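# Remarks on the overall topology
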Amino acid sequence: MKRRDLFLALLGIAVAWQALSTALNLPILPPPLLVLQAFFKGLGNGDLLRHAIASLWRVVAGTALSIALAVPAGLVLGQSQRLNRFFSPLIYLTYPIPKVVLVPIVLLFFGIGDFPKIILIFMILFFQILVLVRDQAASIRPELIQSVRSLGAGRRALFRFVYLPASLPAILTALRQSVGTAVAVLYVAELFATQRGLGYYIYYSGSTLFDYPAMYAGILALSLMGVSLYFGVDWLERRWCPWLYVS
């Protein structure tokens, strides 16, 4: 996507926001310039930055944990029809469950702190990565695997040089699809049993302090985090999967 197109889209959002704010003339919808002032003020005094770092850590930790566990599991299931048949019913039943409904249960089991938030993000990403990697690994052409085996490659070499590279696009696609959901669930999770994170910052600023510019500044920070993670996955895909962009 071209930078000019992104700039025009951002400009269109800002103009529409300003027009709506002027038309409604309500405290609950401050103009974008006032929100930007609150945003940079929050960054300057360190308050907003402190909450943003806490949220970013939870997202990164949950994502890293899901990749570390889901990628090997997906590759194993993709290579073994027997294991895939055994675990497929369990995956089929648990994958469609909206993980956001599990927030109270996870908090009850794991208490307060970062760990339950990381677990929630992990549960969202794990199944999406697992399913896509499994399907990608299972769709690798048998003649390609046989040709590598004929060169003396064992199971470990097949995993490293065939299955993993072939599954990289699926892994990155799963991350791209899940990042928005992960950030949304993070916001919900940070409403409970915590005093750190952008979810808490947004709720506290709007519902307790009635500081609506600060509330929208928190929403802006959370949106920028989600967009940055999305484009970060795009950058990784271009770096790790250059063959996808060869015309």
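Presented here is a report on the structure given in the accompanying data block. (Residues numbered from 1 in each chain as written. Predicted model: local features only at pLDDT ≥ 70, side-chain atom pairs only at ≥ 80, totals over all residues. Heavy atoms only, no water.)

## Examining the packing of helix α3 (residues 47-79) against helix α6 (residues 114-138)
We apply this condition: For every element, the axis is a line fit to its C-alpha atoms; helices are fit only across the contacting stretch, and the angle between N-to-C directions ranges from 0 to 180 degrees. Segments assigned H or I by DSSP are reported as helices when at least four residues long, segments assigned E as strands when at least two residues long, and all are numbered from the N terminus. Note that the term roughly parallel is reserved for angles under 35 degrees, roughly antiparallel for angles over 145, roughly perpendicular for angles of 65 to 115, and oblique for everything else. For any helix crossing, the convention is left-handed if the near helix is rotated counterclockwise from the far helix by under a right angle, and right-handed if that rotation is clockwise. Ten residue types, Ala, Val, Leu, Ile, Met, Phe, Trp, Tyr, Cys and Pro, are classed as nonpolar, four, Asp, Glu, Lys and Arg, as charged, and the remainder, Gly among them, as polar.
Where α3 contacts α6, the axes come no closer than 6 Å and their chain directions differ by 30°. With respect to α6, the axis of α3 lies roughly parallel. Helix-helix and strand crossings are classified by hand; for α3 and α6 the assignment is right-handed. Here the contact of α3 with α6 is composed, by residue class, of 21 nonpolar, five polar and four charged.

## A look at the layout of surface pockets
Heads up, the rule is: Throughout, the protein atoms alone are placed on a 1 Å grid, and a set of points is a cavity if a 1.4 Å probe fits but cannot get out or a pocket if it is open with protein on both sides within 12 Å along at least five of seven lines; lining residues have an atom within 4 Å of a point. Grid points are joined across faces, edges and corners, and a volume is the space filled by probe spheres set on the points.
Looking at the largest pocket, its volume works out to about 510 Å³. Lining the largest pocket are 15 residues; nearest its centre among them are L10, I13, W17, L220 and L224. Those elements that place two or more of their residues in the lining of the largest pocket are α1 (3-24), α2 (32-44) and α10 (212-240). Considered class by class, the residues forming the lining of the largest pocket number 14 nonpolar, one polar and no charged.

## Structural notes on the packing of α2 against α10
When two helices pack together, their arrangement is given by the angle between the helix axes and the distance between those axes. We apply this condition: The contact rule is simple, with two residues in contact once any of their heavy atoms fall within 4.5 Å.
Closest axis-to-axis distance for the α2/α10 pair is 8 Å, and the angle between their directions is 75°. Considering their axes alone, α2 and α10 lie roughly perpendicular with respect to each other. Contacts between α2 and α10 pair L34, V35, L36, A38 and F39 from the former with P213, A214, Y216, A217, L220, A221 and L224 from the latter. Taken together, the residues of the contact of α2 with α10 break down into twelve nonpolar, no polar and no charged.

## As for a nonpolar patch on the surface
Convention followed: The patches described consist of residues with a relative accessible area above 30% and no salt bridge, like charges being joined within 9 Å and nonpolar side chains (Val, Leu, Ile, Met, Phe, Trp, Tyr) within 5 Å. Residue-level accessible areas treat just the shown protein chains as cover; the underlying method is Shrake-Rupley with a 1.4 Å probe. The salt bridge criterion pairs a side-chain nitrogen of Lys or Arg with a carboxyl oxygen of Asp or Glu, the two atoms within 4 Å. Residue burial is assigned from relative accessible area. The probe radius is 1.4 Å, only protein chains are included, and a residue is buried under 20% of its type maximum, exposed over 50%, and partly exposed in between.
The grouping of L33, L36, F40, L43, L49 and I53 at the surface amounts to a nonpolar patch, some 570 Å² of accessible area in total. Breaking the nonpolar patch down by element, the ones donating at least two residues are α2 and α3. Under the relative-accessibility criterion, L33 is labelled exposed at 61%.

## Topic: the environment of G42
Take G42: it is sitting in helix α2. In sequence terms G42 and A217 are 175 residues apart; their C-alpha atoms lie 8.0 Å from each other. Setting aside chain neighbours within four positions, we find G42 in contact with D47, L48 and L49.

## Quick word on the nonpolar core
Where a protein is soluble and globular, its nonpolar side chains tend to be buried together. Going by this rule: Here, the term nonpolar core denotes a set of buried Ala, Val, Leu, Ile, Met, Phe, Trp, Tyr and Cys residues that are joined through side-chain atoms within 4.5 Å.
Ranked by size, the top nonpolar core spans 58 residues in total, and within it L120, I129, Y163 and L198 carry the most contacts. Sorting the residues of this core by element identifies α2, α3, α5 (103-110), α6, α7 (142-150), α8 (155-189), α9 (198-208) and α10 as the ones contributing at least two each. For this core, the element with the highest residue contribution is α6, accounting for 14 residues. With sequence-adjacent residues up to four places away left out, L120 is seen in contact with K99, L102, V103, V106, V185 and A189.

## Topic: α1
Threshold: Given the number of residues in a helix, its expected span is that number minus one, multiplied by 1.5 Å.
Under the 1.5 Å per step criterion, the end-to-end length of α1 is 32 Å for 22 residues, consistent within 8% with the ideal 32 Å. Where α1 terminates, the next one or two residues include N25, which has phi positive at roughly 55°.

## With respect to the packing of aromatic side chains
Applied cut-off: Ring pairs shown here join Phe, Tyr and Trp side chains whose ring centres sit within 6.5 Å, with only the six-membered ring taken for Trp; geometry is labelled stacked below 30 degrees between planes, edge-to-face above 60, and tilted in between.
If you walk through the whole model with that rule in mind, you get eight aromatic pairs. Judged by centre distance (5.4 Å) and plane angle (80°), the rings of F39 and F40 are edge-to-face. With a relative accessible area of 11%, F39 lands in the buried category. With 5.2 Å between their ring centres and 75° between their planes, F110 and F115 make a pair best called edge-to-face. According to the relative accessible area criterion, F110 is partly exposed, its value standing at 42%. In textbook terms, an aromatic cluster arises when at least three aromatic residues are bridged by ring pairs, as seen for F122, F126 and F127.

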